[in-house]
Amino acid sequence: MAENAADCEIPQRRVGITKEQQNGSFVDSSCLRERKQRDKEERQALVLWKHPITTLQYFFFELLLDAKDWTLKLHKRRGMVCTFAAIFLIVTSAYYIEGAHQKFVQFVEKKFLWCAYWVGLGILSSVGLGTGLHTFLLYLGPHIASVTLAAYECNSVNFPEPPYPDKIVCPEVEELQSTISLWDIISKVRLEACMWGAGTAIGELPPYFMARAARLSGAEPDDEDYEEFEEMLEHAQSAQDFATRAKLAVQNMVQKVGFLGILACASIPNPLFDLAGITCGHFLVPFWTFFGATLIGKAIIKMHIQKLFVIITFSKHIVEQMVSLIGAIPSLGPLLQKPFQEYLEAQRHKLHHKSGDTTPDNENWLSWIFEKVVIVMVCYFLCSIVNSMAQSYAKRIQQQKYSEEKTK
């Protein structure tokens, strides 16, 4: 940091000697840009696998500062906190007091926890703490696939509750249902899919509020994504690479079309949708226009597209065709086909497992690998949160040095 400051002092002295104000301002701005780039590279190098002690130290400092900020914010909104505390006490009293209402309380508790679980996973998927946890691939997708396979095997979607949704078991009483329709499976997984989609919509709000606050306050933005967005707008005419043109296309659609543009961007798998939130905040799009279009697009339209894809992919005849195609691979086909057949057979056996029966716990290597992949991705997500918060604290230190140099 000291070297960066020294580098920037040399051009300033030259400007004072030559008195070329325009050239001097250009040199100052280029020097400042280079210094910010070096500081950014220093922050990005602050990760657990390179600097574990410093990263953990900065992480805890940032955690304490965030806790202090949230405490002050809650203190300013004491009335709202007291209201929520009173509601919590009333709900807690109703939960523990015996009476005829307990059956309704248990039903509401079960549904609330189930919905909160999927909303939380949706938020984790798009909240953007360093990197998103791909909860659709890890949780929702496999859940829809297991319900689809069970529906075709059991010839029913009326899985007993409990133990479903913790464990899917075919109904003990055989039901006279001729065929399982696509709509039956969609209806069975609609609640969790829509809750997950609503969670992803909530996770898109931080970029919107950040950009809106920066635009209204007129202050310099404290976010690199927003800085890149402003630079992209400044150099929109000279954009040549495909990524920049794609970002500009999203920005133009959201800005010019409005509600329908946001809805279109939210209704398809779109890795650039964070830019839509920043665009809407920067151009002061009303909150309910942005969030309403995002919620409809992600929780209804996009989720039904994703559900249909997973259900069709894991329907009985397509799964059987995929397993047979794996067996047709020369040399390796039979070796790869066997574990898939064993896994499907084990899943069918579990679906017909009765409550009093004992089943051998023979884990297939496919399920073992999937469990380890989930563990690795969750651990990486947690590490990314630690790295992101440590880098945020490092940015605080760098900005403090900038402000001290300005006052000298």
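Small disclaimer: the values here were computed from a predicted structure and weren't measured. (Residues numbered from 1 in each chain as written. Predicted model: local features only at pLDDT ≥ 70, side-chain atom pairs only at ≥ 80, totals over all residues. Heavy atoms only, no water.)

J.: Residues and numbers for the pattern of salt bridges, please.
T.: Evaluation of the coordinates by the stated rule reveals three salt bridges. A salt bridge links Lys298 to Glu204, with the nearest nitrogen and oxygen atoms 3.8 Å apart. Of this pair, Lys298 sits in helix H14 (residues 287–313) while Glu204 sits in the loop between helix H8 (190–203) and helix H9 (205–217), placing them 94 residues apart in sequence. For Lys298, a relative accessible area of 6% translates into the label buried. For Glu204, a relative accessible area of 5% corresponds to the buried category. (Salt bridge = Lys/Arg side-chain N within 4 Å of Asp/Glu carboxyl O. Helix = DSSP H or I, 4+ residues; strand = E, 2+ residues; numbered from the N terminus. Buried < 20%, exposed > 50% of the residue type's maximum accessible area, 1.4 Å probe, protein only.)

J.: Break down the nonpolar core for me, citing the residues and quoting the values.
T.: The tendency in soluble globular proteins is for nonpolar side chains to be buried as a group. Membership of the largest hydrophobic core comes to 24 residues, with the highest contact counts inside it found for Leu140 and Trp196. Broken down by secondary-structure element, the contributors of at least two residues to this core are helix H5 (102–126), helix H6 (135–154), helix H7 (182–188), H8 and H14. No other element matches H6, which puts eight residues into this core. Contact partners of Trp196, with chain neighbours within four places excluded, come to Trp118, Leu121, Gly122, Ser125, Thr135, Phe136, Leu140, Met303 and Gln306. (Core = buried A, V, L, I, M, F, W, Y, C linked by side-chain atoms within 4.5 Å. Contact = heavy atoms within 4.5 Å.)

J.: Break down H8 for me, citing the residues and quoting the values.
T.: Taking 1.5 Å per residue as the helical rise, H8 with its 14 residues ought to reach 20 Å, and the 20 Å between its terminal C-alpha atoms agrees with that figure. All of the buried residues along H8 are Glu192, Ala193, Cys194, Trp196, Gly197, Ala198, Gly199, Thr200, Ala201 and Gly203. Turning to H8, the residues buried within the fold contact H5, H6, H7, H9 and H14. (Expected span 1.5 Å × (residues − 1).)

J.: Summarise the environment of Val119; cite the residues concerned and give the values.
T.: Within the element layout of this structure, Val119 appears in helix H5. Residue classification places Val119 among the buried residues on the basis of a relative accessible area of 19%. Placed 83 residues apart in sequence, Val119 and Ile202 show a C-alpha to C-alpha distance of 8.7 Å. Aside from chain neighbours lying at most four places away, what touches Val119 is Met195, Gly199 and Ile202.

J.: Describe in detail the packing of H6 against H8, supporting the description with residues and values.
T.: If you want to describe how two helices pack, look at the angle between their axes and the distance between the axes. In contact at an axis separation of 10 Å, H6 and H8 are set at 165 degrees when each is read in the N-to-C sense. It follows that H6 is roughly antiparallel to H8 by the angle criterion. Of the two possible hands of crossing, H6 and H8 adopt the one that is left-handed. Between H6 and H8, the residues in contact are Thr135, Phe136, Leu140 and His143 and Glu192, Ala193 and Trp196, respectively. Residues of the contact of H6 with H8, tallied by class, amount to four nonpolar, two polar and one charged. (Axes fitted to C-alpha atoms, helices over the stretch in contact; angles between N-to-C directions. Parallel < 35°, antiparallel > 145°, perpendicular 65-115°, else oblique. Left-handed = near helix turned anticlockwise from the far one by under 90°. Nonpolar A, V, L, I, M, F, W, Y, C, P; charged D, E, K, R; others polar.)

J.: Break down the packing of H8 against H9 for me, with residues and values.
T.: Two elements in contact, H8 and H9, have axes whose closest approach is 5 Å; the angle formed by their N-to-C orientations is 20 degrees. The angle between the axes of H8 and H9 places the two elements in the roughly parallel class. Contacts between H8 and H9 involve Ala201, Ile202 and Gly203 from the former and Leu205, Pro206 and Pro207 from the latter. Here the residues of the contact of H8 with H9 are counted per class, giving five nonpolar, one polar and no charged.

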